[in-house]
Amino acid sequence: MTDPVAITLSRCAKTWPDGSRALEPIDLQVRGGETLALLGPSGCGKTTLLRLICGLEQADAGASIRFGDDEVSQLPPEARGVGVVFQSYALFPNMSVAQNVAYGLRVRDMPAAARDRRARELLALVRLDGFAERRIDQLSGGQRQRVALARALAIEPRVLLLDEPLTALDAKLREHLRVELAQMLRQLRVTTVIVTHDQDEAMMLGDRIAVMSAGHLEQVGTAEALYRAPASDFVAEFLGTLCRVRAGLRDGLLVPGDDALAFRPHEARLDAPRADALPARVLARFFLGGSVRYEIGLDDGQRFPVVAPAHSGHAAGDPVSVALAGPRPS
Amino acid sequence: MWFAAPAATLFLAFWLLPMAGLALVGAEIKDGQSAYLTVLTRSQYWISLFNTVALSLAATLATLLLSLPVGRFLAWHRHFPGRRLLMSLLMFPLAFPGVVVGFLIILLAGRQGVIGALTKWLTGDPIVFAYGMGGLFLGYLYFSLPRCIGVIAAAAEQIDPSLLEAARTLGASPWRRFVDVELPALSPALIGAGAMSFATSMGAFGTAFTLATQIDVLPITIYNEFTNYANIPVAAALSIVLGLATWAVLYVAHSLAGARLGAAA
Amino acid sequence: MNASKTDTRLGLAVTLAVAAFLIGPVVLSVLAGLTKNYFVGLSSGLTLRWVEQVWSLYADTIWRSFAVALLTLAICTVVGVPAAWVLTLHRGRLARALEELLTLPVAVPGLASALALIVSWGTVRGLRGSIWFIVIGHVLFTLPFMVRAARASMQGADLATLDEAAATLGASRTQRFLQIVVPNAAPGIVTGALTVLTLSIGEFNLTWLLHTPLTKTLPVGLADSYASMRLEIASAYTLVFLLMLVPLLVGLQWLARGDRPARAASNRTLPS
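Residues numbered from 1 in each chain as written. Chains lettered and ligands numbered in written order. Predicted model: local features only at pLDDT ≥ 70, side-chain atom pairs only at ≥ 80, totals over all residues.

A. Examining the interface of chain A and chain B more closely. The partner chain B presents 14 residues to the 16 residues of chain A that form the contact. Mapped by element, the contributors of at least two residues to the side of chain A that touches chain B are helix H2 (77–80), strand S6 (82–85) and helix H3 (97–107) of chain A. Looking at which element gives the most residues to the side of chain A that touches chain B, the answer is H3 of chain A, with 3 residues. When the residues that make up the side of chain A that touches chain B are grouped by side-chain class, the tally is 11 nonpolar, 3 polar and 2 charged. (Contact = placed C-beta atoms within 7 Å. Helix = DSSP H or I, 4+ residues; strand = E, 2+ residues; numbered from the N terminus. Nonpolar A, V, L, I, M, F, W, Y, C, P; charged D, E, K, R; others polar.)

Right, dumping it as structure tokens:
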């Protein structure tokens, strides 16, 4: 494949005909060869942004979309050279697996023998050797997803876009394919944008993550940067769980007080009750295999989760004191 | 299960058995041979059958060719002022019996018709074609269009837009998208609608009757044999042949296209 | 999904042309029935004289068509709704066969069905010349439509499950049918009813062969008038016929639109 291109979005906004705003003006850079995950809740505009990049929606006037040095915002989808994997996979039911994968090549008038060869190459890449002649309705969800990916890759796209690629699959399969997909993307080195609402997916598949809400970008960075130094409450709450408690803090110990504290469940530690500490009680204990999750309650009714190592032994009903360790989000 | 008994009885008594009876009548000896034999060997009946099939086929093809753009247009543009009115106007003729259609064709292309008046005004010579095959062709077109448009519009609306979007991102031009994605998706509907039009045209009696009893199509032939010549065995034999042919076409199309034709208007 | 400009323009052009072809003659006919003199055109003025003449000549056919349609509807409902219920509950081969058989009178040309009826039942005294002969023909032709419409409603509302629930609560088969199935299948039954009425009022192919001079229906009268009456009267008669159809068609359209939101809602995919 040719050198990976960077995607540069400038002042990309989208207003619907009825006046509602899907996207506020967005500036975003996706580095050549990297995978960027667009993460956010339903309706935040991430899919709209994806459709702007591939040309299925037109951005408002004044926007610029560049693949490398080429301005593509005026080009129709047929001419942009983007490979898209749709959420529903959108496989053509009237064609076989191989015909689906080769469709983009057929449209480019590649001779049949060459097309067929390339299709089989790609099917081998996504580990579907031998599936070339199958009909679409004979495939499972995971198999369809891989055919859709092969089809998008067949045209050697400059940019690869995936719209919720794993959402339609069941949990076990999703976990398994997540790893496979992450490895494949790293191998291919195509500039990729993935849309997802699942934070685990974003963290595993994306070299960087762009968190979106209500049509604008909240923060862009690596998973670690976003987790440790969230730029806003929204990011802090969206990536991982955030505990919010009104209490005092002295030398890392939770004491009576009225400060607004925020911390991650595994940053809290449970000890035996102390006279100067804020009284707390274990309301419930859930053994999760690799860790233990406690539901902690305070006298004034506040509740928050604490995650402890698997050997932690507090029981439901035990009185405890809570200490905080490690750096805290603001 | 007994709930279905009345329906079954009615059907048995008034259709199935009578049909069997008709089939037997067709086998009666008249003029020295069984009516079926007569029907299958006399050239006049073959001509009649050929005319009917050719005309129905031509009308069906023309209908499908016209219904395709209309159906797609209606499916792609679901909200514009006047759409409901337009759809009502297009669907209205569905309820017209063949006789009314015949009358309307006469108004259009008959001796005192609009086309006659227009051509007379333009060229001095009025063009009148309602009373022959041309008029019948128009008539077949008239009552097939609403049904086909409805079926095709419904099928076009069901097409998954992401399939077309996927084809776009893979580089397909509008024409390619139409040929590679849309047509295959519409083909069951096209086959079904086509079969229905063909079957209706084959059996259309009222239209031909109004236009002129001289037109040589099978339904008119059957009617003439029965009413004017009182040749019941031949009429019966011809009816059975016509019935079988029509049913066969529908059956084949039905199994080709799957039972997705469902709710008729 | 945006259609290309050429697509839209071509589609619109063909659509308008087809609409003109379909509605143009209807408009002509309506005007002809209301104009004093068709050959002079509208400038001769509008009049209801032709409509009055139609009434005096053909009023009996109009009433008879109503009667036949209502009788047909009654029989179709009483016979068809239970049959639809059976077809909803039973998916076996016998049920499928029954369904295919019931639609035969629609697939086969009306001419053939009428001939069959005449040959088999035409000699029964009193039947041949009575209105019931025509009603039977109409029932055979319209029954599948009632069954189909009722069945669509029964399946859509998953009445089979409701029926099971009622059974566990102790209701008998007849009770369940009358109290649970019929009320919940009402939309389908009403649609079927309107379809039956529309089809019956307009039925010609069967009726022309089955009728006698004493049992003429409206379409039969129309055929007469097309052959023997002047254009204005034939047009006025057609106008009356169309007027009878319009409320039925409007009703059908209204019903069809009514259950579309429910279906659309269940088909919508989640936003992302």
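Once the structure has been displayed, the description carries forward.
B. Representation of the sheet that holds strand S7 (residues 159–163) of chain A in the model. Residue and element names in this part refer to chain A. Strand order in the open sheet made by the 6 strands is S6-S7-S8-S3-S9-S10, with mixed pairing throughout. Edge positions in the sheet fall to S6 and strand S10 (216–221), since each of these pairs with one other strand and no more. Across the sheet, the mean angle from the axis of one strand to that of its neighbour is 20 degrees, orientation sign disregarded. Pairing geometry for S6 and S7, over 4 bridges, is parallel. Bridge pairing in S7 places Val82 opposite Val159. Running over the sheet, helix H1 (residues 46–54) touches strand S3 (35–39), S6, S7, strand S8 (191–196) and strand S9 (208–213) and is turned about 150 degrees from S7. (Pairing = 2+ DSSP bridges. Axes fitted to C-alpha atoms, helices over the stretch in contact; angles between N-to-C directions.)

C. Quick peek at the environment of Arg135 of chain A. Residue and element names in this part refer to chain A. Its location among the elements puts Arg135 in the loop between helix H4 (112–125) and helix H5 (141–154). Residue class for Arg135 comes out exposed when judged on the 12 C-beta atoms lying within 10 Å of it. Between the C-alpha atom of Arg135 and that of Phe92, which follows or precedes it by 43 residues, the distance is 9.6 Å. (Buried ≥ 20, exposed ≤ 12 C-beta atoms within 10 Å, placed from the backbone.)

D. Focus on the sheet that holds strand S2 (residues 21–30) of chain A. Residue and element names in this part refer to chain A. Read across the open sheet, the 4 strands follow the order S2-S1-S4-S5; overall the sheet is antiparallel. Looking along the sheet, the strands with just one partner apiece sit at the ends: S2 and strand S5 (70–71). Bridging between strand S1 (residues 7–15) and strand S4 (residues 64–67) involves 4 bridges; their strand directions are antiparallel. Note that in S4 the partner of Thr8 across the bridge is Arg66.

E. View of the nonpolar core. Within the largest apolar cluster, 155 residues are counted, with the highest numbers of intra-cluster contacts made by Ile105 and Ile152 of chain B together with Leu115 of chain C. Mapped onto the domain boundaries, this core takes at least three residues apiece from domain 1 (1–47) and domain 2 (58–268) of chain C. Setting aside residues up to four positions removed in sequence, Leu115 of chain C forms contacts with Leu22, Phe226, Ala235, Ala236 and Ser239 of chain B together with Leu209 of chain C. One finds Ile65, Leu128, Leu205 and Leu239 of chain A within the second-largest nonpolar core, a separate group that totals 80 residues. (Core = buried A, V, L, I, M, F, W, Y, C linked by C-beta atoms within 7 Å. Domains from an automatic or database assignment.)

F. Focus on the interface of chain B and chain C. Counting residues at the interface gives 69 residues for chain B and 65 residues for chain C. Sorting elements by how many residues they give to the side of chain B that touches chain C places helix H1 (residues 5–26) of chain B first, with 13 residues. A class-by-class count of the residues in the side of chain B that touches chain C yields 57 nonpolar, 10 polar and 2 charged.

G. Seen up close, the packing of H3 of chain A against H5 of chain A. Residues and elements named next belong to chain A. For the pair H3 and H5, interaxial distance at closest approach is 7 Å and the crossing angle is 25 degrees. Relative to H5, the element H3 is oriented roughly parallel. Considering only the axes of H3 and H5, their crossing is right-handed. Residue-level inspection shows Val97, Asn100, Val101, Ala102, Tyr103, Gly104 and Leu105 of H3 in contact with H5, the latter providing Val147, Ala150, Arg151 and Ala154. A breakdown of the residues in the contact of H3 with H5 according to their chemical character gives 8 nonpolar, 2 polar and 1 charged. (Parallel < 35°, antiparallel > 145°, perpendicular 65-115°, else oblique. Left-handed = near helix turned anticlockwise from the far one by under 90°.)

H. Spatial organisation of the pairing of strand S11 (residues 243–250) of chain A. All names here are of chain A. Note: S11 against strand S12 (residues 253–263), 8 bridges, orientation antiparallel. Across the sheet, Gly248 pairs through a bridge with Val255, a residue of S12. Hairpin connection of S11 to S12: 2 residues between the antiparallel strands, including Asp251 at a positive phi of 55 degrees.

I. Focus on the environment of Tyr227 of chain A. Residue and element names in this part refer to chain A. Tracing the backbone through its elements, the reader meets Tyr227 in helix H8 (residues 223–228). For the pair Tyr227 and Glu156, spaced 71 residues apart in sequence, the C-alpha separation works out to 34 Å. What Tyr227 contacts, discounting residues up to four positions off in sequence, is Leu239 and Gly240.

J. Structural view of the packing of H3 of chain A against H4 of chain A. Residues and elements named next belong to chain A. Taken N-terminus to C-terminus, the directions of H3 and H4 make an angle of 125 degrees; their axes are 9 Å apart at the nearest point. Classified by the angle between their axes, H3 and H4 sit oblique to one another. At the point where H3 passes H4, the crossing takes the right-handed sense. Where H3 approaches H4, its residues Ala98, Val101, Ala102, Leu105 and Arg106 are matched on the opposing element by Arg115, Asp116, Arg118, Ala119, Leu122 and Leu123. Split into classes, the residues belonging to the contact of H3 with H4 amount to 7 nonpolar, no polar and 4 charged.

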